[in-house]
Amino acid sequence: MRNIIPATMGGLLLALSTFSSASADTALDLWAQGKYEEAIASGLADKSADGLSVAARAATTEMSLHAMPCLECVRRAEDLSRKALAAEPKAAVPSFCLAAALAYHGRMVGTINTKPADIGSEARNTIEEALAAHPNDARLMSAMAIWNFEVVRVAGSMLSRIVYGATMDRGLALFDQAFRLSPNDTLMNFQYGMSLAAYDPDEYRSKIEAAWGRVVAARP
């Protein structure tokens, strides 16, 4: 049960933010309509940091909608997130998207094929830099929480604590902090439940059910 592939879910939606160019606005509208391929194409055509951010957002959302494993989708979400971060380093949305894609990637390939360092380096650095620039961003806090969960899942509790400073308790505390800022955030509740289910669905069953209950009750 530790290598759970994300199920079909509409929950992986990122909050809307203000974009400057008309093309980026168009891409964001397409994303909001569920037209993810069109949003990606429009965002890439815009060639701005805002447009690339929408493309990363759309690719990450689409990645979450596959009931069956789609490694190509995960890799595209990673690639577009990196391109958006290259255009605007430390930006919150693509930082979260990259962290989410790396976590999905790790769950997909499984514990045996995932090195702790793969999760520990790029994802942690990306999140920490973004958090330094956006210290009150609840989704970035949740991304750091997910990083803790994933490192513990891959490396085990002892090694992850000693080498990486990652623990389940720290991840849970970060999510608590994030939920205090945004308790009904659909994406955070979805990812919270998914991350705990990937680690131990029996131990965290009540937390998973409560989080996904909030997702189901949320406005579509």
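Everything below is about the structure printed above this text.
All of the points below concern the structure found in this document. (Residues numbered from 1 in each chain as written. Predicted model: local features only at pLDDT ≥ 70, side-chain atom pairs only at ≥ 80, totals over all residues. Heavy atoms only, no water.)

Counting 40 residues, the largest nonpolar core has Trp-147, Phe-175, Tyr-192 and Leu-196 as its most contacted members. Those elements giving two or more residues to this core turn out to be helix 5 (92-109), helix 7 (122-133), helix 8 (138-155), helix 10 (168-181), helix 11 (186-199) and helix 12 (205-217). With 11 residues, helix 8 is the single largest residue contributor to this core. With 26 residues, the next largest nonpolar core counts Cys-73, Met-108, Phe-190 and Met-194 among its residues. (Core = buried A, V, L, I, M, F, W, Y, C linked by side-chain atoms within 4.5 Å. Buried < 20%, exposed > 50% of the residue type's maximum accessible area, 1.4 Å probe, protein only. Helix = DSSP H or I, 4+ residues; strand = E, 2+ residues; numbered from the N terminus.)

Right, let's talk about the side chain of Ser-142 for a bit. Mapping Ser-142 onto the fold places it in helix 8. Accessibility expressed as a relative area gives 0% for Ser-142, which makes it buried. Residue contacts for Ser-142: discarding those within four places in its chain leaves Phe-96, Phe-175, Ala-178 and Met-188. (Contact = heavy atoms within 4.5 Å.)

A word on the pattern of salt bridges. Counted according to the given criterion, the structure contains nine salt bridges. The salt bridge partner of Glu-150 is Arg-153, with a shortest N-O separation of 3.1 Å. Taken together, the positions of Glu-150 and Arg-153, both in helix 8 and three residues apart, correspond to about one turn of that helix. Judged by relative accessible area, Arg-153 falls into the buried class, the value being 5%. Between Arg-205 and Glu-209 there is a salt bridge; the shortest N-O distance is 3.1 Å. On the criterion of helical spacing, the pair formed by Arg-205 and Glu-209 is a turn pair, its members being four residues apart in helix 12. If you follow the salt bridges from partner to partner, you end up with Glu-37, Glu-62 and Arg-76 in one network. (Salt bridge = Lys/Arg side-chain N within 4 Å of Asp/Glu carboxyl O.)

Our focus in this paragraph is helix 11. Compared with the 20 Å implied by 1.5 Å per residue over 14 residues, the 20 Å span of helix 11 between its first and last C-alpha is a close match. For helix 11, the buried fraction is high: 13 of the 14 residues fall into the buried class. The distance from a side-chain oxygen at the start of helix 11 to the backbone nitrogen of Leu-187 is 3.0 Å, and the residue carrying that oxygen is Asp-185. (Expected span 1.5 Å × (residues − 1). Polar contact = N/O pair within 3.5 Å; in protein donor to acceptor, adjacent residues only side chain to side chain.)

With that settled, consider the packing of aromatic side chains. A complete count under the given rule lists five aromatic pairs for this structure. Centre to centre, the rings of Phe-179 and Tyr-192 are 5.3 Å apart; their planes meet at 85 degrees, and the pair counts as edge-to-face. In this pair, Phe-179 sits in helix 10 while Tyr-192 sits in helix 11, placing the two residues 13 residues apart along the sequence. By the burial criterion, Phe-179 is buried, and Tyr-192 matches it. Ring plane angle 50 degrees and centroid distance 6.3 Å describe the contact between Tyr-199 and Tyr-204, whose orientation is recorded as tilted. Look at Tyr-199 and you get buried, because its relative accessible area is 14%. Every member of this aromatic cluster is reached through a ring pair, and the members are Phe-149, Phe-175, Phe-179 and Tyr-192. (Phe/Tyr/Trp six-rings, centres within 6.5 Å; stacked < 30°, edge-to-face > 60°.)

Our focus in this paragraph is the packing of helix 8 against helix 9 (residues 157-164). Relative to each other, helix 8 and helix 9 sit at 125 degrees, their axes nearing to 7 Å. Classed by the angle they form, the pair helix 8 and helix 9 counts as oblique. Remark: the crossing between helix 8 and helix 9 carries right-handed chirality. On helix 9, the residues touching Trp-147, Val-151, Val-152 and Ala-155 of helix 8 are Ser-157, Leu-159, Ser-160 and Tyr-164. (Axes fitted to C-alpha atoms, helices over the stretch in contact; angles between N-to-C directions. Parallel < 35°, antiparallel > 145°, perpendicular 65-115°, else oblique. Left-handed = near helix turned anticlockwise from the far one by under 90°.)

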